[in-house]
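# Architecture at a glance
Single-letter residue listing:
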Amino acid sequence: MSDFKYPKQEKLKKDTEITLLFAKGKWRSSGNLRIIILKNYADLPAENVKLGVSVSKRYFKKAVYRNRVKRLLRECYRLNKDLFRESFGDKTIAMLFWVSNELPEKFQDVEAEFIKLCQSQSQKKSQSV
C-alpha cells in the first residue's frame, strides 16, 4: 500500500538544490503542466524524491488563485506518488509549474494532466531501453 503523505523531507526548499535543478535539470511538458527534473541526485537519502511546486504571478495576480493551483499540484503528487517514482525514478529532485492563466475547473483536470506527464515520461524511458 502506498504512503499518501507529503512529509517535510520530500519538499524542495533549499536554495542550493533549486539552483542546481535549474542549472542541470531537464524540462518536460504536458498541457498546462511543466516539470524540471534532475535524476540520480547523490545528496538525497536512499529511496527519496524532493518536489517543489510553483505558479507564476504572471498568470495569476491574486495569491488566492496561485495558492489554489499549488494546493492542487501538491495533491496530485501526493496521491500519485507511486506513478511519479515509477516514471522518474528515485533520488530525484523536481519542480512542477502551472503555465496557463486558466484556473483549473476541477481537481480531476489537473490530475489527468499530471498522470499524462508521468506516462509520457515512462514511455520515453521504455523506448530508450
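Residues numbered from 1 in each chain as written. Predicted model: local features only at pLDDT ≥ 70, side-chain atom pairs only at ≥ 80, totals over all residues. Heavy atoms only, no water.

### A short note on the side chain of glutamate 111
Turning to its location among the elements, glutamate 111 is positioned in helix α4 (residues 107-128). In terms of polar contacts, glutamate 111 uses its side chain to reach the side chain of asparagine 80, at 3.2 Å. Beyond its immediate sequence surroundings of up to four residues, glutamate 111 is in contact with Cys76, Leu79 and Asn80. (Helix = DSSP H or I, 4+ residues; strand = E, 2+ residues; numbered from the N terminus. Polar contact = N/O pair within 3.5 Å; in protein donor to acceptor, adjacent residues only side chain to side chain. Contact = heavy atoms within 4.5 Å.)

### Regarding the pairing of strand β2 (residues 33-38)
Consecutive side chains of a regular strand alternate in pointing toward one face of the sheet and then the other. β2 sits mainly inside the fold: five of its six residues count as buried. Here strand β1 (residues 26-30) pairs with β2 via five bridges, running antiparallel. Of the residues in β2, the one forming a bridge with serine 29 is arginine 34. Following β1, the chain reverses through two residues before pairing antiparallel with β2; glycine 31 in that reversal takes a positive phi of roughly 65°. (Buried < 20%, exposed > 50% of the residue type's maximum accessible area, 1.4 Å probe, protein only. Pairing = 2+ DSSP bridges.)

### Remarks on the nonpolar core
Counting residues in hydrophobic clusters, the biggest one holds 24 residues, and the most contacted among them are Ile35, Leu51, Leu73, Phe84, Leu96, Trp98 and Phe114. Of all the elements in the fold, those that place two or more residues in this core are β2, β3 (49-55), α2 (63-79), α3 (81-88), β4 (92-98) and α4. Leaving out residues up to four positions away in the same chain, tryptophan 98 has contacts with Asn32, Leu33, Ser54, Val55, Tyr59, Phe60, Val69, Leu73, Pro104, Val110 and Glu113. One finds Leu12, Ile18, Met95 and Phe97 within the second-largest nonpolar core, a separate group that totals ten residues. (Core = buried A, V, L, I, M, F, W, Y, C linked by side-chain atoms within 4.5 Å.)

### Quick notes on the packing of aromatic side chains
Across all of its chains, the model carries seven aromatic pairs by this definition. Taken together, Tyr6, Tyr77, Phe84, Phe88 and Phe114 form an aromatic cluster joined through their ring pairs. Taking the ring centre of tyrosine 59 as reference, the NZ or CZ of arginine 58 above it sits at 5.9 Å. (Phe/Tyr/Trp six-rings, centres within 6.5 Å; stacked < 30°, edge-to-face > 60°. Lys NZ or Arg CZ within 6 Å of the ring centre and 35° of its normal.)

### Remarks on a nonpolar patch on the surface
There is a patch of nonpolar side chains on the surface, built from Val64, Tyr65 and Leu103 and spanning about 280 Å² of accessible area. Residue position: valine 64 is located in helix α2. Judged by its relative accessible area of 60%, valine 64 falls in the exposed class. (Patch = residues over 30% accessible without salt bridge, like charges linked within 9 Å, V, L, I, M, F, W, Y side chains within 5 Å. Areas by Shrake-Rupley, 256 points an atom, 1.4 Å probe, with all protein chains shown as cover. Salt bridge = Lys/Arg side-chain N within 4 Å of Asp/Glu carboxyl O.)

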